[in-house]
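Listed here are the chains, written in short residue letters.
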Amino acid sequence: MPASNEIDTPRGPALIDTDLPVRPATALLVLGHGGGGSVDAPDLLAVRDASVAAGLAVVRVTQPYRVAGRRAPAPAGHLDEAWAAVLAELRDRHAGVPTVVVGGRSSGARVACRTARAVGAVGVVALAFPLHPPGRPERSRAAELGTGLPTLVVNGDRDPFGTPEPGPAVQVVSRPGETHDLRRDPAGTAAAVRDWLSAHGWAAS
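Residues numbered from 1 in each chain as written. Predicted model: local features only at pLDDT ≥ 70, side-chain atom pairs only at ≥ 80, totals over all residues. Heavy atoms only, no water.

## Some words on the nonpolar core
Thinking step 1. Ranked by internal contacts, the top residues of the largest apolar core, which has 31 residues, are Leu 28, Val 30, Val 61, Trp 83, Leu 90 and Val 102.
Thinking step 2. Taken together, the elements giving at least two residues each to this core come down to β2 (14–19), β3 (28–32), β4 (57–62), α3 (76–93), β5 (100–105), α4 (107–115) and β6 (123–127).
Thinking step 3. Ranked by residue count, the leading element in this core is α3, at five residues.
Thinking step 4. Counting 25 residues, the second largest nonpolar core, distinct from the first, contains Val 52, Leu 56, Val 101 and Leu 182. (Core = buried A, V, L, I, M, F, W, Y, C linked by side-chain atoms within 4.5 Å. Buried < 20%, exposed > 50% of the residue type's maximum accessible area, 1.4 Å probe, protein only. Helix = DSSP H or I, 4+ residues; strand = E, 2+ residues; numbered from the N terminus.)

## With respect to the pairing of β5
Residues in a regular strand point their side chains to alternate faces of the sheet.
Thinking step 1. Buried residues dominate β5, accounting for six of its six residues.
Thinking step 2. Burial along β5 is two-sided: the residues Val 100, Val 102 and Gly 104 and Val 101, Gly 103 and Arg 105 are all buried.
Thinking step 3. Bridging between β3 and β5 involves five bridges; their strand directions are parallel. By the bridge assignment, Val 30 is partnered in β5 with Val 102. (Pairing = 2+ DSSP bridges.)

## Points about the layout of surface pockets
Thinking step 1. As a volume, the largest pocket reaches approximately 170 Å³.
Thinking step 2. The wall of the largest pocket is formed by 13 residues, among which Pro 73, Ser 107, Arg 110, Pro 130 and Arg 141 lie closest to the centre.
Thinking step 3. Secondary-structure elements contributing two or more residues to the lining of the largest pocket are α3 and α4.
Thinking step 4. Per element, the largest residue contribution to the lining of the largest pocket is three residues, and it comes from α4.
Thinking step 5. In terms of residue class, the lining of the largest pocket is built from seven nonpolar, three polar and three charged. (1 Å grid on protein atoms, 1.4 Å probe; cavity = no way out; pocket = protein on both sides within 12 Å on 5 of 7 lines; lining within 4 Å. Points joined across faces, edges and corners; volume = space filled by probe spheres on them. Nonpolar A, V, L, I, M, F, W, Y, C, P; charged D, E, K, R; others polar.)

Okay, here's the thing in structure tokens:
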């Protein structure tokens, strides 16, 4: 069973769920949830399972607004501030694991991208990255993916939020038949993440 506890942030307590591999961790993967969702989303759980099996320590972070029982997301700046505080604490708690990969689904993917360099991450896993609001392609968020760090985007080919284009550091995996929730084949999504982590040397081969 994962260990769960809270971490104080400037925006209130965040909740963390930590899963450790049986052997010393090759890297620490920190994942955030979607805007109104939870860290128990099928894709996040599948990625956790595959990553732990591949030797990573995985921490799923519940943002303070969700811990407080609110569904409407906090402002972006508040999300980023809380996330950065959690990452600072996690670095202390897992000081023996110097390699940190950040990620999440939807809103959590955006937070991970915006803060990746500031928290010292080496890469980003972006599940169901919401490229634009549904029906509003002119409001693109593609710039948030421009971290310069290796980034994996896994989106459904039927996602109404759109799918980003690949770039020099951005690999995009389009999952056939999937929508924004990536619920049809979580294991396939997790396999794409595991393969990407392995290709960068962050997971056991």
